[in-house]
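Each chain, written out:
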Amino acid sequence: MNNVKYIDLKATLKLMKAELKRAFPATKFYVRCSRGTAYGWVSLRWTDGPTYERVTSIAHAYQGSGFDGMTDCSYTIDHVEADENGAPVTIRYGTKGVNCKREISPAFARRLLAQIAAYYGDNAPELREYAGYDGTPRWEVADHKAQIGGDYWERHMHRAASDATTYVHTAY
């Protein structure tokens with residue numbers, strides 16, 4: 001039988017932020033914890049920088065529980081590590097879950113639009129900038145219904161932000 005080590009929410013966040021900082025030193029991450037009945041749920045947000053997949057592979061490793069929508073039940077996620085003697089130790093983190101959101105800055109959005117337009121040999125639509133409710137710069141494609149290559153521009157932009165090779169012509 002192995003030991004169980006409980007790591008509270010504050011200590012879990014400290015560990016998660018330290019690992020994110022080691023992995024992505026140039027990126028600033030914003031972390032907020034829910035209170036009340038949602039205590040333990042964490043919101044993690046960053047602008048540009050690493051892809052959603054790269055960040056969630058680290059952040060989700062610190063989740064202490066999950067939710068099964070089919071059974072409408074939550075469950076504990078145990079993490080097993082070895083202690084200093086090599087014996088297994090079950091780790092239970094204090095977070096209930098981590099919700100991650102990558103923001104795209106207006107400058108990055110313009111570069112993505114230019115890349116996609118060049119790929120399809122078309123002109124990029126207008127990008128409208130505005131201030132979000134919290135004062136952060138936001139953007140939107142002026143014509144929400146504009147499509148290229150069978151899909152909306154914003155979807156193409158998010159694909160290009162996740163995979164830099166998606167809209168690059170390769171030599172045959």
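The preceding data block contains the structure.
Here goes a summary of the coordinates provided.

Conventions we followed
Residues numbered from 1 in each chain as written. Predicted model: local features only at pLDDT ≥ 70, side-chain atom pairs only at ≥ 80, totals over all residues. Heavy atoms only, no water. Axes fitted to C-alpha atoms, helices over the stretch in contact; angles between N-to-C directions. Helix = DSSP H or I, 4+ residues; strand = E, 2+ residues; numbered from the N terminus. Parallel < 35°, antiparallel > 145°, perpendicular 65-115°, else oblique. Contact = heavy atoms within 4.5 Å. Nonpolar A, V, L, I, M, F, W, Y, C, P; charged D, E, K, R; others polar. Phe/Tyr/Trp six-rings, centres within 6.5 Å; stacked < 30°, edge-to-face > 60°. Buried < 20%, exposed > 50% of the residue type's maximum accessible area, 1.4 Å probe, protein only. Lys NZ or Arg CZ within 6 Å of the ring centre and 35° of its normal.

## Comments concerning the packing of helix α3 (residues 106-120) against helix α4 (residues 153-162)
And step 1. Relative orientation of the contacting elements α3 and α4 amounts to 105 degrees, with a least axis distance of 9 Å. Viewed along their axes, α3 and α4 adopt a mutual orientation that is roughly perpendicular. Mapping the contact onto sequence places F108, A109, L112, L113, I116, A117 and Y120 in α3 and W153, H156, M157, A160 and A161 in α4.
And step 2. Residue composition of the contact of α3 with α4, grouped by class: eleven nonpolar, one polar and no charged.

## Topic: the packing of aromatic side chains
And step 1. This structure, assessed with the given rule, holds six aromatic pairs.
And step 2. On the basis of an interplanar angle of 90 degrees and a centroid distance of 5.4 Å, the ring pair of Y119 and Y167 is categorised as edge-to-face. Of this pair, Y119 sits in helix α3 while Y167 sits in the segment after α4; the two residues are 48 residues apart in sequence, bridging distant segments of the chain.
And step 3. The buried category is assigned to Y167, whose relative accessible area is 6%.
And step 4. Directly above the aromatic system of Y30 lies the positively charged group of R45, at a separation of 4.8 Å from the ring centroid.

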